[in-house]
Amino acid sequence: MSNDPVVAIVGVTGAVGAEFIATMDRRNFRVGRLKALASARSAGKTVTFRGKEVVIEELTERAFDGVDIALFSAGGSISRKYAPVAVKAGAVVVDNSSAFRMDPNVPLVIPEINAGRIRDHKGIIANPNCAAITALVPLWPIHRENRIKRVIISTYQAASGAGAAAMDELVESTRASLEGRSFEPKVLPLPYAFNLFSHNTAIDPATGYNDEETKVIKETRKIFEDEKIAVGVTCVRVPVLRAHSEAITFECERPIGEDDVRRLLANAPGVRIVDDRVKNYFPMPIDASGQDDVLVGRIRRDLSDPSGHSISMFVAADQLLKGAALNAIQIAELLPQRALA
Ligand SMILES: NC(=O)c1ccc[n+]([C@@H]2O[C@H](COP(=O)([O-])OP(=O)(O)OC[C@H]3O[C@@H](n4cnc5c(N)ncnc54)[C@H](OP(=O)(O)O)[C@@H]3O)[C@@H](O)[C@H]2O)c1
């Protein structure tokens, strides 16, 4: 029994995996031993954790022996196959994929909102979708005081949300475009340089909504524990390297003014107001990159609702951090000691 848990990172070579390592380091997350796991392609390579080289091992069924906490970020199919194996071996899993998010037995947690749900876990805790986290962290303090009946979210999602290879593809295709060369996309399905496109997840022909949008709708209801909240969402991939932005308009049950929103968000955990009308300076992905907080600005009345119940705002957040690695580490920090035994 150790106070310093053995921590496995599944997908350690990925965009989120790299942020797991950096986030554990800067938050002084207690780690007795790190198990760095990835595919056979990466086995034998190394990652650096707290100044020491850790050899990457191939993910196998035996990889979780002796592991206390397993942080998964290698895609839904890997999580579906190996998270139950890790639980059986005695680990608590914090999963970044969508595999278990809507499972009624799996808590879906944003610590600023529903940390108390962590104690309900039966081995797996799910990290929500990054576009959902970005919207919900600043919406929650408002919803708690003056219930949000309806919210409309339009996303501007960065390449980093699609992983390290997508970030490389954005850089390479931009370079090719500037040099007048043709470029065949391999990671994302459509030309990305100097372009934007509807989110590249599968689209439901019946509803016209893509998977990313459906996740935001369902996960909002689960995290807020409010099945009635009406959510409209349009997810778009924009040629930004890192950090998602979102335009959000919401309607509350009771009247709400922009000063109410500023007051509610002024000291809200995980939120920083960036709202300078004089300088026309508002949340930008370049400012959100590398930051823990969701930046919130352009807080103003929605003039399309003369009843005074609706507010519009614009947010930006580093989805590799708050949308993925940071949120997962915050969850792991809250695991009771006995879970680490
Ligand atoms: N990017 C985000 O902002 C974000 C946010 C929230 C959630 N997520 C979720 O986190 C997961 C990873 O995202 P990412 O952006 O980090 O992707 P990524 O940069 O493409 O990294 C994928 C990782 O998965 C590993 N992997 C792939 N196939 C594997 C296999 N068969 N066995 C073991 N490991 C394997 C890769 O290892 P190799 O290098 O060895 O191939 C790599 O470490 C996805 O489920 C994604 O939905 C991502």
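Look up: the structure comes first, before these words.
> I'm lost on the site of the ligand in this one. Help?
What surrounds the ligand is a group of 29 residues, the closest being Gly14, Ser39, Ser42, Ala74 and Gly163. Elements that contribute at least two residues to the shell around the ligand include exactly helix H1 (15-26), helix H2 (76-88), helix H5 (164-178) and helix H9 (321-333). Among the elements that make up the shell around the ligand, the one with the highest residue count is H1 (three residues). Along the lines of polarity and charge, the residues of the shell around the ligand split into 12 nonpolar, 16 polar and one charged. Residue-level mapping places the shell around the ligand at the junction of two domains, with at least three residues from each of domain 1 (6-127 + 324-340) and domain 2 (132-319).

> Can you walk me through the pairing of strand E1 (residues 6-10) in this structure?
Regular strands have side chains that alternate between both faces of the sheet. Counting buried positions along E1 gives four out of five residues, so the element sits mostly inside the fold. By the bridge criterion, five bridges tie E1 to strand E2 (residues 33-38) in an arrangement that is parallel. If you follow alanine 8 over to E2, its bridge partner there is lysine 35. Once you follow E1 into H1 and on to E2, the crossover reads as right-handed. The sheet contact formed by E1 and strand E5 (residues 69-72) spans four bridges and is parallel. When the sheet's bridge partners are listed, valine 7 is paired in E5 with isoleucine 69.

> Explanation requested: the sheet that holds strand E10 (residues 230-234) in the structure shown.
What holds strands together in a sheet is hydrogen bonding between their backbones, with the strands either parallel or antiparallel. Reading across from one edge, E10-E8-E12-E15-E14-E13 is the order of the six strands in this open sheet, with mixed pairing throughout. Every other strand in the sheet has two partners, leaving E10 and strand E13 (271-273) as the edge strands with one partner each. This sheet shows a mean twist of 25° between the axes of neighbouring strands, independent of strand direction. By the bridge criterion, three bridges tie E13 to strand E14 (residues 294-301) in an arrangement that is parallel. If you follow valine 271 over to E14, its bridge partner there is valine 294.

> So what exactly am I meant to see when it comes to the sheet that holds E1 here?
On the basis of which strands lie adjacent, the open sheet formed by seven strands has the order E3-E4-E2-E1-E5-E6-E7 and mixed pairing. In this open sheet, the two strands that pair with only one neighbour each are strand E3 (46-49) and strand E7 (124-126). Taken pair by pair, the neighbouring strands of this sheet meet at an average axis angle of 25°, ignoring direction. Where strand E6 (residues 92-95) meets E7, three bridges bridge the pair, whose relative direction is parallel. Pairing of valine 94 across the sheet is with isoleucine 125, part of E7. Across the face of the sheet, H1 comes into contact with E1, E3 and E5 while running at roughly 25° to E3. Sheet contacts for H2: E1, E5, E6 and E7; angle to E6, the most-contacted strand, approximately 160°.

Thresholds applied
- Residues numbered from 1 in each chain as written.
- Predicted model: local features only at pLDDT ≥ 70, side-chain atom pairs only at ≥ 80, totals over all residues.
- Near = placed C-beta within 6 Å.
- Helix = DSSP H or I, 4+ residues; strand = E, 2+ residues; numbered from the N terminus.
- Nonpolar A, V, L, I, M, F, W, Y, C, P; charged D, E, K, R; others polar.
- Domains from an automatic or database assignment.
- Buried ≥ 20, exposed ≤ 12 C-beta atoms within 10 Å, placed from the backbone.
- Pairing = 2+ DSSP bridges.
- Right-handed = clockwise from strand over helix to strand, strands pointing away.
- Axes fitted to C-alpha atoms, helices over the stretch in contact; angles between N-to-C directions.
- Contact = placed C-beta atoms within 7 Å.

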